[in-house]
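A closer look at the structure
So the chains spell out like this:
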Amino acid sequence: MASLQAMLVNYRNNNIFYGPMLMKPKITKMARKEILMGAKKEISVKPAADRGSRYSKPHKESLKAVLIEHPNELYPLLKLFIAMKKAELPMFAEPHWEFCYFMLHRLSSMSVLMIQQLDNIESRRATCLCYLILRALDTVEDDMSIPTDIKIPILKNFHRYIYDPNWHFSCGDHERKELMDNFHHLSTAFLELEQRQQEAIENVTMRMGAGMAKFYSKEVKTLDDYEEYCSCVGGLATLGWGKVIHASEPKFLFSDSVLILLGLLVQKSDVIKDFLEDINEIPKPSCHWPREIWRKYVNNLEDLKYEENSTKAIQCLNEMVTDALVHINDCLYYLSQMRDPTIFRFFAILQIFAIGELALCYNNIQLFRGELTLRPGLVAQIFDRTRTMADVYGAFYDFSTILRSKVDMNDPNAITTISRIEAVQKTCRDSGTLTKWKSYVVKKEPNYKRPLVTVSSFF
């Protein structure tokens, strides 16, 4: 998730990022004033570094213009901004815990907020560490410069390395490299957890590493392969968080299959929206779109990013989104069974972000030109407004309405897409909670040309 500070702060040289977390400037008094008053300077979103694809031209938009168009987002933005300030690094006597929370802030500001809201300090520590360890494992998988004969054994044995403070392997870049270079701090902190928390993290790390090793040397060909890969990555990440929370709070208990299912929608959303970043990996792509889908439209997966294939790319993208929609009703059912409000919020916000990103990506050619991300004000509203299951039904109904408005009946999967959207909307209506829902996404007279998006891209 993108850094809120990077979304809000007018960085030197007029560089404001709505999406990628590349810079984390200090929050100054002037920055706070600009948030309140509306920055008059333009926000410059520059195109990604060309690696062979054709990118969109720079897009400019002022923060003041965004707030004028969406004035109801100012207050949630300020609340989230204050929450970010309150969630600043706690003081630790132990350098390993200080490093863990420092890296959590650097890698994902949104994860900080989600973890901080957990009631139990043991849950917060274990969930923080679970996130960092799995992020380190993901760093090894994502670094395509590591030779296969070195990478595969590391992925398969990563669950053993977390017990060894002397183990070290340098890879990745930027924040991820810093994480790997100081992995001994993670191991030291891990050894201080309770045994059941250690066992939960070890188990999910072992299973995820084995899945990553399998699909590193195996192409994702069929939809069954795709389902298995997403279960091994996103599903197991959700399982890991659920297990460590349960280890500290036994009243939270769901089966492994339920927790994995809750991760599928999130992971499929990530696989879809990260297409351009993954396909441009050097020295080789690491994209996991299934051949069973993309081969219907192009001969090579990377062909989707070229402008001359735009029509086929959109159709392929829409089928990918349609495939993800099948998980929504199951997610809604299992969320409705959660009773602890803080744990509920933890998982509910993840699911709302997922459907919001699917609505953003659907039928959107910009996915193949630069990075797409939800408006920071909309992100703030999701955090602010997600308290109960009624809020979840309302958000899912809103985003599914936007999805429905974007369906082109000439799309080869239009009928299936509409059928799945209508099934989601029926579940939300049948909850009986929509009559009191005040939408923060869909206006009374919506203009779906620019409902919720800001397009941004890497340098």
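Residues numbered from 1 in each chain as written. Predicted model: local features only at pLDDT ≥ 70, side-chain atom pairs only at ≥ 80, totals over all residues. Heavy atoms only, no water.

**Brief notes about the pattern of salt bridges**
- One pass over the structure, following the stated rule, counts 16 salt bridges.
- For the salt bridge of Arg 176 with Asp 138, the shortest nitrogen-to-oxygen distance reads 2.8 Å. You can see Arg 176 sitting in helix α9 (residues 174–181) and its partner Asp 138 sitting in helix α7 (residues 121–142), a full 38 residues away along the chain. Across the pair, exposure class does not vary: Arg 176 and Asp 138 are buried alike.
- In this structure, the salt-bridge partner of Glu 219 is Arg 291, at a minimum N-O distance of 2.8 Å. Highlighted residues: Glu 219 in the loop between α11 (195–216) and α12 (223–248) and Arg 291 in helix α15 (residues 291–294), separated in sequence by 72 residues.
- Glu 219 gets classed as partly exposed once you look at its relative accessible area, which sits at 32%.
- Relative accessible area serves as the criterion here: at 31%, Arg 291 is assigned to the partly exposed category.
- One continuous salt-bridge network, built from bridges that share partners, spans Arg 106, Glu 175 and Glu 178. (Salt bridge = Lys/Arg side-chain N within 4 Å of Asp/Glu carboxyl O. Helix = DSSP H or I, 4+ residues; strand = E, 2+ residues; numbered from the N terminus. Buried < 20%, exposed > 50% of the residue type's maximum accessible area, 1.4 Å probe, protein only.)

**A look at the nonpolar core**
- Core analysis: the largest hydrophobic core is formed by 141 residues, its most contacted members being Phe 158, Ile 272, Phe 275, Trp 289 and Leu 304.
- The dominant element in this core, judged by the number of residues it contributes, is helix α18 (residues 341–361), at 15 residues.
- Not counting residues within four places of it along the chain, the set of residues in contact with Phe 158 comprises Ile 133, Ala 136, Leu 137, Val 140, Trp 167, Phe 183 and Thr 205. (Core = buried A, V, L, I, M, F, W, Y, C linked by side-chain atoms within 4.5 Å. Contact = heavy atoms within 4.5 Å.)

**A word on the packing of helix α17 (residues 328–336) against helix α20 (residues 389–405)**
- At a minimum axis separation of 10 Å, α17 and α20 run at an interaxial angle of 165°. Classified by the angle between their axes, α17 and α20 sit roughly antiparallel to one another. Considering only the axes of α17 and α20, their crossing is right-handed. Residue-level inspection shows Ile 328, Leu 332, Leu 335 and Ser 336 of α17 in contact with α20, the latter providing Met 389, Val 392, Tyr 393 and Phe 396.
- Here the residues of the contact of α17 with α20 sort into seven nonpolar, one polar and no charged. (Axes fitted to C-alpha atoms, helices over the stretch in contact; angles between N-to-C directions. Parallel < 35°, antiparallel > 145°, perpendicular 65-115°, else oblique. Left-handed = near helix turned anticlockwise from the far one by under 90°. Nonpolar A, V, L, I, M, F, W, Y, C, P; charged D, E, K, R; others polar.)

**As for the packing of aromatic side chains**
- Using the criterion set out here, one finds 14 aromatic pairs in the structure.
- Here the aromatic rings of Trp 289 and Phe 368 are separated by 6.2 Å at their centres, their planes lie at 70°, and the arrangement is edge-to-face. Linking Trp 289 in the loop between α14 (275–279) and α15 with Phe 368 in the loop between α18 and β3 (372–374), this pair joins segments that are 79 residues apart in sequence. Phe 368 matches Trp 289 in its accessibility class, with the two residues each being buried.
- A connected cluster of aromatic rings, assembled from ring pairs, spans Phe 158, Tyr 161, Trp 167, Phe 169 and Phe 183.
- It is Arg 385 that lies over the ring of Trp 437; its NZ or CZ is 4.7 Å from the centre. (Phe/Tyr/Trp six-rings, centres within 6.5 Å; stacked < 30°, edge-to-face > 60°. Lys NZ or Arg CZ within 6 Å of the ring centre and 35° of its normal.)

**Regarding the packing of helix α13 (residues 256–273) against helix α16 (residues 310–325)**
- Relative to each other, α13 and α16 sit at 170°, their axes nearing to 9 Å. Here α13 lies roughly antiparallel to α16, going by the angle between them. Of the residues in α16, those touching α13 at Leu 265, Lys 268 and Ile 272 are Leu 317, Met 320, Val 321, Asp 323 and Ala 324.
- Residues that form the contact of α13 with α16 fall into these classes: six nonpolar, no polar and two charged.

**Description of the environment of Lys 156**
- Structurally, Lys 156 can be placed in helix α8 (residues 148–161).
- What makes Lys 156 partly exposed here is its relative accessible area of 47%.
- Linking Lys 156 and Gly 211, residues 55 residues apart in sequence, is a C-alpha distance of 8.6 Å.
- Look past the residues within four positions of Lys 156 in its chain and what remains in contact with it is Gly 209 and Ala 213.

**Quick look at the state of the cysteines**
- What the rule picks out here adds up to zero disulfides.
- Its sulfur unpaired, Cys 128 is 5.6 Å from the next cysteine sulfur, which belongs to Cys 100. (Disulfide = S-S within 2.5 Å.)

**So, helix α21 (residues 414–430)**
- Here α21 is 17 residues long and its end C-alpha atoms lie 24 Å apart, about the 24 Å a rise of 1.5 Å per residue gives.
- Against α16, α17 and α20 lie the buried residues of α21.
- One or two steps after α21, the chain reaches Gly 432, where phi turns positive at roughly 75°. (Expected span 1.5 Å × (residues − 1).)

**Quick notes on the side chain of His 185**
- Residue position: His 185 is located in helix α10 (residues 183–190).
- Look at His 185 and you get buried, because its relative accessible area is 18%.
- Residue contacts for His 185: discarding those within four places in its chain leaves Pro 95, His 96, Phe 99 and Cys 100.

**Some thoughts on unusual backbone geometry**
- In the Ramachandran plot, His 174 falls in the positive-phi region, its phi being about 55° despite a non-glycine side chain.
- In this structure, His 174 sits in helix α9.
- Looking at His 174, the relative accessible area reads 63%, which means it is exposed.
- Of note in this structure, Asn 363 is not a glycine but carries a positive phi near 60°.
- You can see Asn 363 is positioned in the loop between α18 and β3.
- Taking the relative accessible area as the measure of exposure, Asn 363 reaches 30% and is therefore partly exposed.

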